[in-house]
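Given next are the chains, with one letter for each unit.
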Amino acid sequence: MRHFPIFLDLQGRDVLLLGGGEALEAKAALLEEAGARPRRAARFAPDLLEGIALACAAGAPEEDLRALHDACRARGIPVNVVDRPELCGFVTPAIVDRDPITIAIGTGGAAPVLARMARQRVETVLAPGLGRVAAMARHFRQAVRARLPGLAARRRFLDAALSGPAARLAEEGREAEAHAAFAAALERAEAAPAGSVHLVGAGPGAADLLTLRALRLLGEADVVVHDRLVPDEVLALARRDARRIYVGKVRAHHCVPQGEINALLVRLAREGLKVVRLKGGDPFIFGRGGEEKEAVEAAGIACEVVPGITAALACAAQAGIPLTHRDAARSLTLVTGHTRDGRLDVNFASLAQPGQTVAVYMGVTTLPLLFEGIVAAGGDPAQPAAFIERGGTPRQRVLRGSFAEVARRAGGWVEDGPALLLLGEACARGAPLAGATGGATGGAKGGGEQAARGG
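The structure displayed is predicted, hence computed values, not measured ones.

**Here's the deal with unusual backbone geometry**
Right, so step 1: The linkage connecting Asp99 with the following residue, Pro100, adopts the cis geometry, with an omega of 10°.
Right, so step 2: You can see Pro100 is positioned in the loop between strand 5 (94–98) and strand 6 (101–105).
Right, so step 3: Phi is positive for Asp83, which is not a glycine, with a value near 60°.
Right, so step 4: With respect to the helices and strands, Asp83 occurs in the loop between strand 4 (79–81) and strand 5.
Right, so step 5: Taking relative accessible area as the criterion, Asp83 reaches 67% and is therefore assigned exposed.
Right, so step 6: The backbone of Met362 sits at a positive phi, close to 55°, despite the residue not being glycine.

**Comments concerning the UniProt feature "active site" (unreviewed entry) in the chain**
Right, so step 1: Under the feature "active site" (unreviewed entry), the UniProt entry names Asp227 and Lys249.
Right, so step 2: Inspection of the secondary structure puts Asp227 in the loop between strand 8 (223–226) and helix 10 (232–235).
Right, so step 3: Since its relative accessible area comes to 2%, Asp227 is described here as buried.

**Side note on the UniProt feature "domain: Sirohaem synthase dimerisation" (unreviewed entry) in the chain**
Right, so step 1: What UniProt calls "domain: Sirohaem synthase dimerisation" (unreviewed entry) maps, in this numbering, to residues 130–186.
Right, so step 2: Helix and strand shares over residues 130–186 are 82% and 0% respectively, and the end C-alpha atoms of the span are 20 Å apart.

**Here's the deal with the environment of Thr324**
Right, so step 1: Note that Thr324 resides in the loop between helix 13 (311–319) and strand 14 (331–336).
Right, so step 2: On the basis of relative accessible area, Thr324 is assigned to the partly exposed category, the value being 47%.
Right, so step 3: A C-alpha to C-alpha distance of 48 Å links Thr324 and Leu169, two positions 155 residues apart in sequence.

**Concerning the side chain of Asn80**
Right, so step 1: With respect to the helices and strands, Asn80 occurs in strand 4.
Right, so step 2: Taking relative accessible area as the criterion, Asn80 reaches 4% and is therefore assigned buried.

**Looking at the domain arrangement of the chain**
Right, so step 1: By the assigned domains, the chain splits into domain 1 (14–92), domain 2 (129–188), domain 3 (196–309) and domain 4 (312–428).
Right, so step 2: Using only C-alpha atoms to locate each centre, domain 1 and domain 2 end up separated by 40 Å.

**A closer look at the pattern of salt bridges**
Right, so step 1: Throughout the structure, instances matching the rule amount to 28 salt bridges.
Right, so step 2: Close ionic contact of Arg174 with Glu172 constitutes a salt bridge, the shortest N to O distance being 2.9 Å.
Right, so step 3: Residue classification places Glu172 among the exposed positions, given a relative accessible area of 52%.
Right, so step 4: Residue class for Arg174 comes out partly exposed when judged on its relative accessible area of 36%.

**Section: the confidence of the model for the chain**
Right, so step 1: The predicted model of the chain has a mean per-residue pLDDT of 89, with 92% of residues at 70 or higher.
Right, so step 2: The least confident element of the chain is strand 21 (residues 439–442), whose mean pLDDT is 48; the most confident is strand 1 (residues 14–19), at 98.
Right, so step 3: Low pLDDT, under 50, characterises residues 432–438; the predicted model gives this stretch 12 contacts beyond four residues in sequence or across chains.
Right, so step 4: In this model residues 440–455 is a low-confidence stretch, pLDDT under 50, and it forms 85 contacts with partners more than four residues away in sequence or in other chains.

**Here's the deal with the sheet that holds strand 2 (residues 37–41)**
Right, so step 1: Spatially, 4 strands are ordered 2-1-3-4 in an open sheet, and the strand pairing comes out parallel. Strands at the two margins of the open sheet, each flanked by one partner only, are strand 2 and strand 4. Each strand of the sheet is rotated relative to its neighbour by a mean of 20°, with strand direction disregarded.
Right, so step 2: Packing of helix 2 (residues 62–75) onto the sheet brings it into contact with strand 1, strand 3 (52–58) and strand 4, and relative to strand 3 it is tilted by some 155°.

**Some words on the packing of aromatic side chains**
Right, so step 1: In total, this model carries 5 aromatic pairs according to the counting rule given.
Right, so step 2: Aromatic pair Phe157 and Phe182: ring centres 5.4 Å apart, planes at 85°, arrangement edge-to-face. With Phe157 in helix 6 (residues 151–161) and Phe182 in helix 8 (residues 175–188), the pair connects residues that are 25 residues apart, well separated along the chain. In terms of burial, Phe157 and Phe182 fall into one category: buried.
Right, so step 3: Ring centres 4.9 Å apart and planes at 80° place the aromatic pair Phe371 and Phe403 in the edge-to-face group. Placement of Phe371 in helix 15 (residues 367–376) and of Phe403 in helix 16 (residues 403–413) is noted, with a sequence separation of 32 residues between them.
Right, so step 4: Using a relative accessible area of 0% as the deciding quantity, one classes Phe403 as buried.
Right, so step 5: One aromatic cluster is present, built from ring pairs that chain together Phe140, Phe157 and Phe182.
Right, so step 6: Seen from the ring of Trp413, Arg397 lies directly overhead, with NZ or CZ sitting 4.0 Å from the centre.

Cut-off values and rules
- Residues numbered from 1 in each chain as written.
- Predicted model: local features only at pLDDT ≥ 70, side-chain atom pairs only at ≥ 80, totals over all residues.
- Heavy atoms only, no water.
- Helix = DSSP H or I, 4+ residues; strand = E, 2+ residues; numbered from the N terminus.
- Buried < 20%, exposed > 50% of the residue type's maximum accessible area, 1.4 Å probe, protein only.
- UniProt positions renumbered as here; feature names shortened; annotations may be inferred.
- Domains from an automatic or database assignment.
- Salt bridge = Lys/Arg side-chain N within 4 Å of Asp/Glu carboxyl O.
- pLDDT = per-residue confidence, 0-100.
- Contact = heavy atoms within 4.5 Å.
- Pairing = 2+ DSSP bridges.
- Axes fitted to C-alpha atoms, helices over the stretch in contact; angles between N-to-C directions.
- Phe/Tyr/Trp six-rings, centres within 6.5 Å; stacked < 30°, edge-to-face > 60°.
- Lys NZ or Arg CZ within 6 Å of the ring centre and 35° of its normal.

Listed below in structure tokens is the structure:
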């Protein structure tokens, strides 16, 4: 973050406008709208800075622009020279105005046009009457604090009230009805709300592949309990003051044992918190979400599951491999490559059947055993295969070749994982095999996720 976003109270304060021109007049209009009193000058003199809150300039001689910048910096006065980032102590953002809600969008002076484009997109999303909803919340602020002294209870109530009937009435300008609905909801509000747990799939790693429901819940969560392969860009979407608790797992090493994770979720919910258990991929595909849901519900706590895009879907999409194809694969099998008591506990005869695509999660270290078992059960060692590493990141790599070639090369080819194996005739449909000895091809951004650990 190059610039720290801040909102200044300029009501009744003087601001200096040095120079002239259309760009400076546009800034003057914004400043006057914020309650500032413009002080205009064509040329710079040091005494112009006495008592001002900030300064803006455009269209003045170069020596005046530089003198203004230097003098303002020396006195600690915010200064902005239009289209001259090197002479700016602050930049003017593109503004979305839903008074009393104000949204500022900036690019650090790098691309003001892009900021305006972003503003236009935000404008289309926010209801024109959103400011009236904020005004209603301001009207009831003290009443809400008195009725709900606990922070978690207030937050839970406001999350519901500001997206419910009272908010819709306020957006429509029906102020009296909106206030009545809000007051009635506040009267019913519980001072100690029950906690809840949401098992949320973070998908393959790309933030824009989260579901809308997952995004909403991250914005409402009091605490986020997350895995190792949930990237920072997804965690950043959680509410800024939400607690973040890491319980990640690496193959053969659990940072927090599963039983302790289950107990943690129960304890946090019993504290009245809204808990998001954020899991890479999908919670119910090799993610032990079923165990967590059973533990939470056994404790009498409400639990909701929000699906996410799992590794097989995302890695295949990014690599251009169709998981099903009417001429190559009529079924899809998801299987874990983890061992149990030192052996692969899978049905090799089933995996050896033609006409399907097999997706193997967590198979980096057990790929040789998997190859031996499938071939021994009648599987074709020459069938196409793809080994996909670090799906969902800019570093995604794909090793293509026959099953025998991929099984032989994967151990020395894979770097730090995670990785997922796709096996079957459909693997030859998305892209040609990369030569007689197999090959590695890079992937574009997006797709894939915690293929080595689970979906």
